[in-house]
Structure formats: structure tokens, C-alpha cells
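Understanding the architecture of this molecule
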Amino acid sequence: MIEKLKVYGNQKVNGTVNISGAKNAALPILAAGLLSENGLQLSNVPPLADVSTMLSLLERLGVSYTPTRDAIHAMSVCLKTDSVDNFIAPYEIVKKMRASILVLGPLLTRFGQCAVSMPGGCTIGVRPIDFHIKGMEALGARVELKDGYVHAVARKGLKGTVFKFPVISVTGTENLMMAATLADGTTVLQNVAKEPEVVDLANCLNKMGAKISGAGTDVITITGVASLHSVKHSIISDRIEAGSYAIAAGITSGCVNLIGENLRYMLSAFIEKMSQIGLIFSDIPDGISVKCVGKLEPIDIETAEFPGYPTDLQAQSMSLLCLADGVSNIRENIWENRFQHVAELSRMGANISYSASHAIVTGIPKFTSAPVMATDLRASFGLVLAALAAAGDSMIDRAYHLDRGYCCIEEKFSKCGVLVERIR
Ligand code: EPZ
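For every chain, the first residue of the written sequence is number 1, and numbering continues from 1 onward in sequence order. pLDDT decides what is reported in this predicted model: residues at 70 or higher carry local features, side-chain atom pairs at 80 or more are listed and counted, and totals for whole chains, interfaces and linings draw on all residues regardless. Note that the side-chain values use all heavy atoms of the structure and ignore hydrogens as well as water.

**Some words on the site of the ligand**
The cutoff for a nearby residue is simple: one of its non-hydrogen atoms must lie within 4 Å of the molecule or strand. Within the structure, the ligand sits among 22 residues, and Asp130, Phe131, Ser169, Thr171 and Asp312 are positioned closest to it. With respect to the ligand, the side chain of threonine 171 contributes an N or O atom lying 2.6 Å from an oxygen atom. Whenever a nitrogen or oxygen atom comes within 3.5 Å of another N or O atom, the pair is scored as a polar contact, on the condition that within protein one atom can donate a hydrogen and the other can accept it, and that pairs from neighbouring residues in sequence are kept only if both atoms are in side chains. Contact between the ligand and arginine 378: an oxygen atom at 2.8 Å from a side-chain N or O atom of the residue. Accessibility throughout is a Shrake-Rupley quantity obtained with a 1.4 Å probe, and a residue counts as covered only by protein chains that appear here. Protein chains bury 89% of the 830 Å² of accessible surface belonging to the ligand in isolation. The helix and strand labels rest on DSSP assignments: H or I over at least four residues marks a helix, E over at least two residues marks a strand, and numbering proceeds from the N terminus. Counting residues per element, the ones that place at least two in the shell around the ligand are helix 1 (23–32), helix 5 (130–138), helix 6 (170–180) and helix 13 (377–389). Residue contributions to the shell around the ligand peak at 3 residues, all from helix 5. Grouping the amino acids of the shell around the ligand by side-chain chemistry returns 11 nonpolar, 5 polar and 6 charged. Nonpolar residues are Ala, Val, Leu, Ile, Met, Phe, Trp, Tyr, Cys and Pro. Charged residues are Asp, Glu, Lys and Arg, and all others, Gly as well, are polar.

Below you can see the structure in the form of C-alpha cells.
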């Protein structure tokens, strides 16, 4: 039976949340373990469903690993990568998680071959991988799409090149950066993603012996090396999880201490907008605290690549703006279909109209509870937020979406005096 999450209404979020390691840093860094035969030792890895999926993919390729649960919200993983003997990433794993495409670059540059299933679309859009493919061809690989798989070969190894992304792509940047670490010569990647997760991957690769400069800017230069070695690396804090719980304080007029590193820097665009709505942020020794005491002001939000407003906080922000005192505009500029949560929020009484990428949110006094369905991992958290503030208790179907991006949600909320229950 598909799990549901029961969310009791009229709750206030008051307490402390230990922010886990960033899912979108952990996934590429786990894939980077394939680049070295000496393995990788990672800490502050988030215990998420997507991390388990990536670990099962690595295991299928011949990697063995030892996980250690260090805390409820964090684990360590030691990867052993000296017996990688399979270069096929199968559909049954890739279809569960698009980020599986991140094994393409490491397998190709270390072993000269791989076959990675095409990921298929998902609810937030078609999500093509043409930049990944064009980039590998620019590095000298021969790529063929056959039977739903990307077959890539580079018998003589990859060669440094100059490649400009037509559109900024986070995992595209990460895949090509990893492929270039063992290429012959220098690679210059232009119009790259500047997300903190890209920088965390570059920092880990450089600790492994790679020669990468420019991560966090528009141009990344990679000078190929012969091999990479093992290293210990701790994953950065998850800015999207932190922003999600910040909104939980805002939407319930509560106060939450977010324990994590570099949150104010990583969330600067988000904090600027949330402050305009009426949330108050203040630094505390090991993170930031967020509270909301007055009414919520309407604002306009436009998602953009980092350092702009994160698309992965768009759905959660919409839930908050549903309770603002006026009309807000949300423009989703990254994904072509990331308003799936509008229909579900409307079932809870929200007043939202939208076209392709522009939603107009007119504030209402309160959500009403209703059975709703999660559609993607970030929208699912937006529904939890609305349900916490609703009059009455709500049931959220397909709660497995939540577990892909948010670990131990019941425990983290219960530490803030909030009851959410898993119904099996
Ligand atoms: C990453 O996805 C994140 N996932 C997403 O987070 C995030 O929403 C997205 O970046 C944007 O910030 C991971 O890091 C694992 P893109 P990614 O390539 O890399 C187009 C979450 O909630 N494009 O940056 O798949 C694409 O269609 C997830 O944690 C191409 O056209 O996104 C989109 O319009 C959801 N061709 C735009 O670029 C390509 O080859 C940005 O996509 C690649 C991308």
C-alpha cells in the first residue's frame, strides 16, 4: 500500500532542526567515487531515498560500500571502488532517479565506455540530457542512442576541449567537470552552473587530486590528470531543506533554529524575499533562526539559477504566499511544468490562477484541510506546509516523494512540537 502522511492542522513550528547534508551535492559526489580506484570516505551524507538509489546503482556497477549512521539526520559512507566491473546503468534504477545520469562522466573517463539508460521525463518537465551528450562528444566520445540507452565510448580516452552550455545545467556542469578530470589536456566549460553543490563537488574532486579552477563562476577550467586518489569529504548543508523548514516557521507563525553551515550565504536570494514577506532571520552560533510574528505581505518571485531564487523552493514559497495579505506573482523560469502543486493547494482552498510559467496567488485567510496527493519531492513539502497551517487534519498521498528529498521528516517536525504521522 502506498504510504500516506497525516498532517495535523493548526500547528506552530517552534524548535530546532538539524539540517542534513545536501542531496544535490551528495549525489554527484557519490558518483565521483567512480573516478578513483582508491574509493572515497564521505560524511554528513543525508539518509535519503535518492542516496539509497545512487548507492544501489554504484553497487550494480561493482562498488561496495559501508554506511554508518552517525546521527538521525546524517550518515557516513565509505566507498570501495577497486572492483568496478560493470558499466551499464540500467533503466529500472535510472527511471527512479534522473540524477543517475551522473555516472556517465566518471565511467566514460575512467573506463572509456558506459551505457546509461535514458532517464525518461518526470512531473516537472521533459528534463532532456542533450547537453550531457553534446559535452561528452566535444570531449571526443562517440555517443549513440539505442534501445533507450546512451552508449558512450572513448577507447583512446577523452581529450580536453572548450564547451559552452546553451542553457545553464547543474548536473550537465557536474557530469562534464567529472569527465574532464581524467581527460588528456585542458577543458574549459562556459556558461556553467554556479550552485553551491557544484562548488562542493569541485572541492571534493580537487582534494582527490583533480586540477579544477573557477567553480562558482561562469567558467570552469579543468586540467586533466592521470588518476585521482581517495579522500575524506563532508557534504555541505542542504540549503533547500533549510529553506523549506524556514517557511514552516513562517506559515505557522512559529520560530525555528536551523542548524547548518553557510546557510545565510547559500540562501541569500531566498532570505531577501522572505524578509519582504515578513519573516525575521537572525544569526545564531551554528546556523540561523527564523520567526514570523505579523501578517504575511504579498511579493513577486522569479526563479533563476544560483545565485537567483531557487526553483526548488518555489512550491514551498507558493504555499506561504497563499496566506499573504494580497496578490503575489510567481514566475517559474527553470522548469516548464513545475506548478503541479497548484491543483492540490486549490483543493485546500487556495486562490491561484496560472499560465505556463506564471502563477497569480491571491491570499486567503486560512487553508482548509483536504486529502491531497504529492507530485514531486519539493511540491510534496509545500503540501505539508499548507496542511500544518490548515484548519483541520490533512492526508497527503504518495508520501514517498517526500522521502526522496527530506530525511526523517517525522522526527525533525516532532522536535519542533509538531505531529505528522506516517499511515501505512
Ligand atoms: C538539478 O537538476 C537539480 N537536481 C534539481 O533539483 C534542480 O531543480 C535543477 O538542477 C535546477 O536547479 C540535482 O542536482 C540532482 P538542469 P538538473 O540540468 O541538473 C534544461 C530537486 O528538487 N536542460 O540544471 O536535472 C532543463 O530542461 C531537483 O532536488 C536541457 O535542456 O537540472 C531545464 O530547463 C529537482 N538539456 C534547465 O536546462 C540538458 O541536457 C535546467 O536543468 C540539461 C538541462
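**Concerning the packing of aromatic side chains**
The relative placement of two aromatic rings is captured by the distance of their centres and the angle of their planes. Pairing of aromatic rings covers Phe, Tyr and Trp, the last counted by its six-membered ring, and requires centre-to-centre distances within 6.5 Å; plane angles under 30 degrees mean stacked, over 60 mean edge-to-face, and any other angle means tilted. Counting across every chain of the model gives 11 aromatic pairs. Relative to phenylalanine 381, the ring of tyrosine 245 lies with its centre 5.2 Å away and its plane at 75°, an arrangement referred to as edge-to-face. Taken together, the residues tyrosine 245 in helix 8 (residues 239–251) and phenylalanine 381 in helix 13 connect sequence positions 136 residues apart. Exposure is judged per residue with a 1.4 Å probe applied to protein chains only, and the accessible area is read against the type maximum: over 50% gives exposed, under 20% gives buried, and values in between give partly exposed. What makes tyrosine 245 buried here is its relative accessible area of 0%. Judged by its relative accessible area of 0%, phenylalanine 381 falls in the buried class. Through successive ring pairs, a cluster of aromatic residues spans Tyr245, Phe381, Tyr406 and Phe413.

**Overview of the nonpolar core**
Ranked by internal contacts, the top residues of the largest apolar core, which has 78 residues, are Val103, Met177 and Leu205. Met318, Leu323, Ile396 and Leu402 belong to the second-largest nonpolar core, a separate cluster that totals 70 residues. Definition used in this section: a nonpolar core is a set of buried Ala, Val, Leu, Ile, Met, Phe, Trp, Tyr and Cys residues joined via side-chain atoms within 4.5 Å.

**A word on helix 12 (residues 340–347)**
Along helix 12, the residues that are buried comprise His341, Val342, Glu344 and Leu345. In what follows, residue pairs with any heavy atoms lying within 4.5 Å of each other are defined as contacts. Lining the buried residues of helix 12 we find helix 11 (314–321), strand 20 (351–354), strand 22 (371–373) and helix 13. In the segment just after helix 12, glycine 349 is the residue with positive phi, at about 100°.

**Structural notes on the pairing of strand 7 (residues 113–117)**
A large share of strand 7 lies buried, amounting to 4 of its 5 residues. Should DSSP find at least two bridges between two strands, the strands are regarded as paired. Bridge analysis of strand 6 (residues 88–89) against strand 7 gives 2 bridges, and the strand direction is parallel. Bridging across to strand 7, alanine 89 finds its partner in valine 116. The pairing of strand 7 with strand 9 (residues 149–153) spans 5 bridges and is antiparallel. In the strand pairing of strand 9, serine 117 is matched with tyrosine 149.

**Some words on the sheet that holds strand 23 (residues 394–397)**
An order of 22-23-1-24 is seen for the 4 strands of this open sheet, with the pairing classed as mixed. Each of the sheet's edge strands pairs with one partner strand only, and the pair in question is strand 22 and strand 24 (420–423). Taken pair by pair, the neighbouring strands of this sheet meet at an average axis angle of 25°, ignoring direction. Pairing analysis gives 4 bridges linking strand 1 (residues 4–7) to strand 24, with the strands arranged antiparallel. Note on strand 24: the bridge partner recorded for lysine 4 is isoleucine 423. Axes, fitted as lines to C-alpha atoms, cover a helix only where it is in contact. Angles between the N-to-C directions of the axes lie from 0 to 180 degrees.

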